[in-house]
Amino acid sequence: MGFATRLVSVLVLLAGWQAAATAAGSRLLPSPGAILAFIASESASGDLWWNVGITLTRVGVSFVIAMVLGVLLGIALGRSRRLNLVLDTPLLVLLNTPALVITVLAYIWVGLNEGAAVLAVVLNKLPNVAVILREGARGLDPQLEEMARTYRFDRRTWIAHVLVPQLQPFAVAAARSGLSLAWKIVLVIELLGRPNGVGFAINYYFVQSLNVAAIVGYSVVFMSVMIAIDILVLQRLEAHVRRWR
């Protein structure tokens, strides 16, 4: 039932899109068929999947770094009031600094290279992950903590059987929200200063020919890839860590 409803909504959207494109009769509002034709042409040349692969690599590297650092920082903040007091304001500053500003500053400070691109994504995503994990670390079950003390768990046992199971839902939630944020930031980074990737391609077709079909085509393909990752990987992982409920 859920799949059928989703399918009908997509078909209605495509029909409305086709009707609007036909009525407009303008290259500025291409039809779904024109988008598919561009995707097929760009796929045949190899450029589409080359750029998608480059962007996915940037997203993957920066996502993993931001997740690891954000999880560790969030746990530390949730377990230490003093550390949280010291770092709470810097976290708020990073959370409220526009991604565009962080990206431009990263390019200025580090240069127009891959290191700056990864740094910009990490600085944008890390505070979000840290804040979510901080709340999880603050809410650890005191009864489990008491049990761990009673049975004299060593540090490794405590992490494996007390800390990690309780923080898994928070980590997955941070991953889902962070991934959707990370790929959008990567596109901005590529648009501003990289020689390849989906963001670069979108900027190229905008500047060179105002090719709306190309812009929408690249956007649709990459959004589809990220939605597939969310549905096939992250949603299943979330269901797994929440199965006890």
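Residues numbered from 1 in each chain as written. Predicted model: local features only at pLDDT ≥ 70, side-chain atom pairs only at ≥ 80, totals over all residues. Heavy atoms only, no water.

### What to know about the packing of aromatic side chains
So, step 1. With the rule as written, the count across this model stands at six aromatic pairs.
So, step 2. Where Phe38 meets Tyr218, the ring centres are 6.0 Å apart and the plane angle is 55°; that geometry is what we call tilted. Placement of the pair is Phe38 in helix α2 (residues 32-45) and Tyr218 in helix α10 (residues 212-241), with a sequence separation of 180 residues. Neither residue differs from the other here; Phe38 and Tyr218 are each classed as buried.
So, step 3. The structure contains a cluster of three or more aromatic residues connected by ring pairs, namely Phe38, Phe200, Tyr204, Tyr205 and Tyr218. (Phe/Tyr/Trp six-rings, centres within 6.5 Å; stacked < 30°, edge-to-face > 60°. Helix = DSSP H or I, 4+ residues; strand = E, 2+ residues; numbered from the N terminus. Buried < 20%, exposed > 50% of the residue type's maximum accessible area, 1.4 Å probe, protein only.)

### Digging into a nonpolar patch on the surface
So, step 1. Together, Leu100, Val104, Ile108, Trp109, Val110, Leu119, Val188, Leu191 and Leu192 make up a nonpolar patch on the protein surface, roughly 810 Å² of accessible area in all.
So, step 2. Put simply, the parts of the chain that give the nonpolar patch at least two residues each are α5 (99-110) and α8 (155-193).
So, step 3. A total of five residues in the nonpolar patch trace back to one element, the largest contributor, which is α5. (Patch = residues over 30% accessible without salt bridge, like charges linked within 9 Å, V, L, I, M, F, W, Y side chains within 5 Å. Areas by Shrake-Rupley, 256 points an atom, 1.4 Å probe, with all protein chains shown as cover. Salt bridge = Lys/Arg side-chain N within 4 Å of Asp/Glu carboxyl O.)

### A look at the nonpolar core
So, step 1. Grouped together as the largest cluster of nonpolar side chains are 45 residues, with contacts concentrated most on Val52, Val59, Ile189, Val198, Tyr218 and Phe222.
So, step 2. Looking at this core, the elements with two or more residues in it are α2, α3 (47-79), α5, α6 (114-138), α8, α9 (198-209) and α10.
So, step 3. At 13 residues, α8 tops the list of elements feeding residues into this core.
So, step 4. With sequence-adjacent residues up to four places away left out, Phe222 is seen in contact with Val52, Thr55, Leu56, Val59, Trp183 and Val198. (Core = buried A, V, L, I, M, F, W, Y, C linked by side-chain atoms within 4.5 Å. Contact = heavy atoms within 4.5 Å.)

### Some words on the pattern of salt bridges
One side chain can pair with another of opposite charge once the charged atoms of both are near each other.
So, step 1. According to the stated counting rule, one finds eight salt bridges in the structure shown.
So, step 2. Where Arg194 meets Glu114, a salt bridge forms, and the shortest distance between an N and an O atom there is 3.1 Å. Of this pair, Arg194 sits in the loop between α8 and α9 while Glu114 sits in helix α6; the two residues are 80 residues apart in sequence, bridging distant segments of the chain.
So, step 3. Residue classification places Arg194 among the buried positions, given a relative accessible area of 13%.
So, step 4. Relative accessible area serves as the criterion here: at 34%, Glu114 is assigned to the partly exposed category.
So, step 5. Ionic contacts of the salt-bridge type, sharing partners, join the residues Arg58, Glu114, Glu190 and Arg194 into one network.

### A short note on the confidence of the model for the protein chain
So, step 1. Considering every residue of the protein chain, the mean pLDDT works out to 86; 98% of them sit at 70 or more.
So, step 2. Taking the mean pLDDT of every element in the protein chain, the minimum, 75, falls on helix α7 (residues 142-150) and the maximum, 92, on α3. (pLDDT = per-residue confidence, 0-100.)

### Comments concerning the layout of surface pockets
So, step 1. A volume near 440 Å³ is recorded for the largest pocket.
So, step 2. Considering the residues around the largest pocket, the lining is formed by 15 residues, among which Val10, Leu13, Leu14, Val220 and Ser224 are closest to the centre.
So, step 3. Ranked by residues supplied to the lining of the largest pocket, first place goes to helix α1 (residues 2-24) with seven residues. (1 Å grid on protein atoms, 1.4 Å probe; cavity = no way out; pocket = protein on both sides within 12 Å on 5 of 7 lines; lining within 4 Å. Points joined across faces, edges and corners; volume = space filled by probe spheres on them.)

### Here's the deal with the environment of Ser80
So, step 1. Summarising the element assignment, Ser80 is placed in the loop between α3 and α4 (81-95).
So, step 2. As for Ser80 and Arg134, which are separated by 54 residues in sequence, their C-alpha atoms are 9.8 Å apart.

### Details of the packing of α2 against α3
So, step 1. One way to put it is that α2 packs onto α3 with a least axis distance of 5 Å and a crossing angle of 80°. The angle between the axes of α2 and α3 places the two elements in the roughly perpendicular class. Between α2 and α3, the residues in contact are Ile39, Glu42, Ser43 and Ser45 and Asp47, Leu48 and Trp49, respectively.
So, step 2. Here the contact of α2 with α3 is composed, by residue class, of three nonpolar, two polar and two charged. (Axes fitted to C-alpha atoms, helices over the stretch in contact; angles between N-to-C directions. Parallel < 35°, antiparallel > 145°, perpendicular 65-115°, else oblique. Nonpolar A, V, L, I, M, F, W, Y, C, P; charged D, E, K, R; others polar.)

### Points about the UniProt feature "transmembrane region" (unreviewed entry) in the protein chain
So, step 1. Sequence positions flagged by UniProt for "transmembrane region" (unreviewed entry) are, in local numbering, residues 49-77, 89-110 and 212-234.
So, step 2. As annotated, residues 49-77 has a helix share of 100% and a strand share of 0%, and its two end C-alpha atoms lie 40 Å apart.
So, step 3. With 86% helix and 0% strand, residues 89-110 has end C-alpha atoms that lie 24 Å from one another. (UniProt positions renumbered as here; feature names shortened; annotations may be inferred.)

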